[in-house]
Amino acid sequence: MILLTTATEIEARAVIQKLKLKKLQDPYFSIWQNEEVILVITGIGKVKTASAIAYVFAITKSSIKAAINFGLAGHKYLDPGLVFLAHKIMDFTNGKSFYPGISFSFKDITSPLTTFDLPYTSYEIDSGYDMEGVAFFETCLKFLSLDVIHFLKTVSDNAKNPLPPQLDKNFFLHLMKASLSALESLIATLTSMNKLLFTPPSVDLSFFIENWNFTESEKNILSDVLQRLMILEKPYKVEALKSLSKHEVLQDLKRLL
Amino acid sequence: MIETVYLEKEIKNHPRADKIINRVNPKRVIEIERYQELFNLKSQSFRLQKNKPSLILAKKHGKFIHPIPEKYGIGGKENYYFSHLLNCPFDCQYCFLQGLYRSANYVLFINYEDFMEEISKKKDQETYFFSGYDADSLALEPKSHFVAEFLPFFESLPHSFLELRTKSIFTRPLINHQAIANCIVAYTLSPESICKEVELKAPPLHKRLKSIVDLQQNQWKIGLRFDPLIYVDNFESTYKNFFQEVFSKINLDLLHSVTLGTFRLPSSFYKPMKKQVKNQKLLAVLEKTPDNQYTYPPEKLEKLLHFCTEELLHYVNKEKVFLCQ
């Protein structure tokens, strides 16, 4: 499953419609889901972002395999409507930098992204601007590898086209709709990358725990041996082990390797 | 094709960095402070990065040459390795780099002169320098020009021997240069069936053999590295035919040395590799030894090693054969 986050409802609306996401009954956050994607509207700012992401990871256990922060951003020079993938995330407050791993072919625009605590309107720094990026990245990094944590931002304003005092929601909606194909393409890429990862076969020790009193260290050895037998496709008959002592069981299984 | 280059701020005006970036022609160049802030990060996936590695251009600090582990020499008394490059474009399933590093991105240290200065300090005594411990010596040559720059340097140091360890068939910088007596081009070779199975993205055996023949025709000294030997059910016929094929093409007069060793891993690399390696059967057969390594069970190991050593001695004088185990 892929985690999508946006800061505001207006940034999420187009993707909810396009991916036919259904709202979950949740007391704390606005969370939407289909079979492949879970979206959380975090709210604006670092603290709200970090808490929403940590919450979603907690309720979904380990089913999230990649994360995309999707939304609008100001930029020094990129034109409104352009979509970019962030290749460097900087925290304006403390100068820390992070680097999402672009471990796939990406021919379109990439740019640095700077996260501010307050709206930034002077357009002096050569990058995109948001208020959530660093918190999104650092929180996701607790759960995922940096190769599957990404930012897809649509430029809403730049030095020549600053945001007007009265925000036009339809303009934002239009921008977000126009960036949906880039989002779908990134979701597909990250989904296919997941297939490159190998998950060692999981081992069920319940039969052994019920029949013998293995120590924790012996359970580790047993688990390793059973996993290797599965990988090597070497079958064993559990019934034949029943009359043996736990040491004999381990020896017998090792002998099969 | 490398799409992303990370460039340390300290070397952003280094002329070699400029040249390498021009050769790579990446989609993006991203400035960083130090390579460790990316390369050493815990939460990254070696396996995913192997899909599309980025290049990190960095300046090496600290020690430039290191003594090699005991029993890994090829006849010299003084032996050092140096690593101008970390990681490799090939995807050999047995490679210990998958357990050593968290990242599969290439780190290229571009301050070649600092390596040369350190190597020069040993110029009066016969010393062997091994360049292919943490990378393939030739595989990134079209971008790094490492060999092209180091050959003239070693040519001026007759007592210093350079081993280039490789599976690459990019031999142009060697073919274009007159052979030098103190350079050994050492090819890691495996039977074709094993190449296909575990040496992913590396040139097939017949192409490596063709490169060896070309190099020998140009008078380059060759090393043969049968390391790691991989245990397969029919290893006798597999390795017998393999050695027969290899030595039917080799000019023994220009053979510097042969090394062999079975597949083995330090235990600290085994665990991370279990999560990275596609060919899980390769690791599942290994067992932990009392000296904290993972290798084949003693019976299999001895059979494989004994058989291959005996076979090799049909073709090569034992003075040229070194066991790395």
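Residues numbered from 1 in each chain as written. Chains lettered and ligands numbered in written order. Predicted model: local features only at pLDDT ≥ 70, side-chain atom pairs only at ≥ 80, totals over all residues. Heavy atoms only, no water.

A. Representation of the overall build of chain A. Of regular secondary structure, chain A possesses nine helices and ten strands. Principal-axis analysis of the C-alpha atoms places the extent of chain A at approximately 80 × 35 × 30 Å. Sorting the 257 residues of chain A into buried and exposed places 51% on the buried side. Sequence separation of at least 24 residues holds for 69% of the intrachain contacts in chain A that already meet a minimum separation of 6. Per element, the accessible surface of chain A, about 12700 Å² overall, is 55% carbon and sulfur. Charged side chains of chain A number 27 positive and 27 negative; the gap between the two group centres comes to 2 Å. (Helix = DSSP H or I, 4+ residues; strand = E, 2+ residues; numbered from the N terminus. Buried < 20%, exposed > 50% of the residue type's maximum accessible area, 1.4 Å probe, protein only. Contact = heavy atoms within 4.5 Å. Areas by Shrake-Rupley, 256 points an atom, 1.4 Å probe, with all protein chains shown as cover. Lys, Arg positive; Asp, Glu negative; His and termini not counted. Charge placed at Lys NZ, Arg CZ, Asp CG, Glu CD.)

B. The interface of chain A and chain B, seen in detail. Taken residue by residue, the interface counts 30 residues in chain A and 32 residues in chain B. Taken together, the two surfaces of chain A and chain B that pack against each other cover about 2700 Å², and 56% of this comes from carbon and sulfur. Per-residue buried area on chain A facing chain B is highest for Y99, F198 and R228 of chain A; these three make up 21% of the total on that side. Across the chain A-chain B interface, the total number found is three salt bridges. A salt bridge links K274 of chain B to D224 of chain A, with the shortest nitrogen-to-oxygen separation between them at 3.2 Å. (Buried area = accessible area lost by both parts, 1.4 Å probe. Salt bridge = Lys/Arg side-chain N within 4 Å of Asp/Glu carboxyl O.)

C. Main features of the sheet that holds strand β1 (residues 4-8) of chain B. Residue and element names in this part refer to chain B. Strand order in this open sheet of five strands is β2-β1-β3-β8-β6, and the pairing throughout is mixed. Since the sheet does not close on itself, it has two edges, and those belong to β2 (28-32) and β6 (85-86), each with one partner. Sheet topology note: the β1/strand β3 (residues 55-58) ladder contains three bridges and is parallel. Opposite V5, over in β3, you have L55 as the bridge partner. The sheet contacts of helix α1 (residues 15-24) involve β1, β2, β3 and β8 (106-109), and relative to β3 the element is tilted by about 170°. (Pairing = 2+ DSSP bridges. Axes fitted to C-alpha atoms, helices over the stretch in contact; angles between N-to-C directions.)

D. Quick look at the domain arrangement of chain A. Along its sequence, chain A is organised into domain 1 (2-196) and domain 2 (200-255). Look at where the C-alpha atoms of domain 1 of chain A and domain 2 of chain A centre, and you get two points 46 Å apart. (Domains from an automatic or database assignment.)

E. Local environment of the nonpolar core. Counting residues in each nonpolar core, the largest one holds 105 residues, and the members touching the most others are L57, L224, F226 and Y239 of chain B. Contact partners of L224 of chain B, with chain neighbours within four places excluded, come to Y187, L189, I212, V246, F247, I250, L255, S257, V258 and T259 of chain B. Grouped together as the second largest cluster of nonpolar side chains are 63 residues, L21, F29, I41 and F84 of chain A included. (Core = buried A, V, L, I, M, F, W, Y, C linked by side-chain atoms within 4.5 Å.)

F. Geometry of the side chain of E11 of chain A. All names here are of chain A. On the secondary structure map, E11 appears in helix α1 (residues 9-18). Buried charged residue E11 carries no salt bridge. Nearest counter-charge: K153, at 5.6 Å. A distance of 2.8 Å separates a polar atom in the side chain of E11 from a polar atom in the side chain of T8. The residues touching E11, leaving out its near neighbours within four places in the chain, are T6, F70, G71, L72 and M176. (Polar contact = N/O pair within 3.5 Å; in protein donor to acceptor, adjacent residues only side chain to side chain.)

G. Region of the structure containing the packing of helix α11 (residues 235-249) of chain B against helix α14 (residues 298-312) of chain B. Residue and element names in this part refer to chain B. Packing of α11 against α14 leaves a shortest axis separation of 10 Å and a crossing angle of 30°. In terms of axis orientation, α11 runs roughly parallel to α14. Like other packed secondary-structure pairs, α11 and α14 cross with a definite hand, here right-handed. Residue-level contacts link F235, E236, Y239, K240, F243 and F247 of α11 to K303, L304, F307, C308, E311 and L312 of α14. Class assignment of the residues belonging to the contact of α11 with α14 gives a composition of eight nonpolar, no polar and four charged. (Parallel < 35°, antiparallel > 145°, perpendicular 65-115°, else oblique. Left-handed = near helix turned anticlockwise from the far one by under 90°. Nonpolar A, V, L, I, M, F, W, Y, C, P; charged D, E, K, R; others polar.)

H. Quick peek at unusual backbone geometry. Residues and elements named next belong to chain B. Residue P228 follows D227 across a cis peptide bond; omega there is 10°. Tracing the chain through its elements places P228 in strand β13 (residues 221-229). At K71, a residue that is not glycine, the phi angle is positive and equals roughly 70°. Among the residues examined, K71 registers a relative accessible area of 61% and is labelled exposed. The phi dihedral of K201 falls on the positive side, at around 70°, and the residue is not glycine. Within the secondary structure layout, K201 lies in the loop between β12 (199-200) and α10 (205-217).

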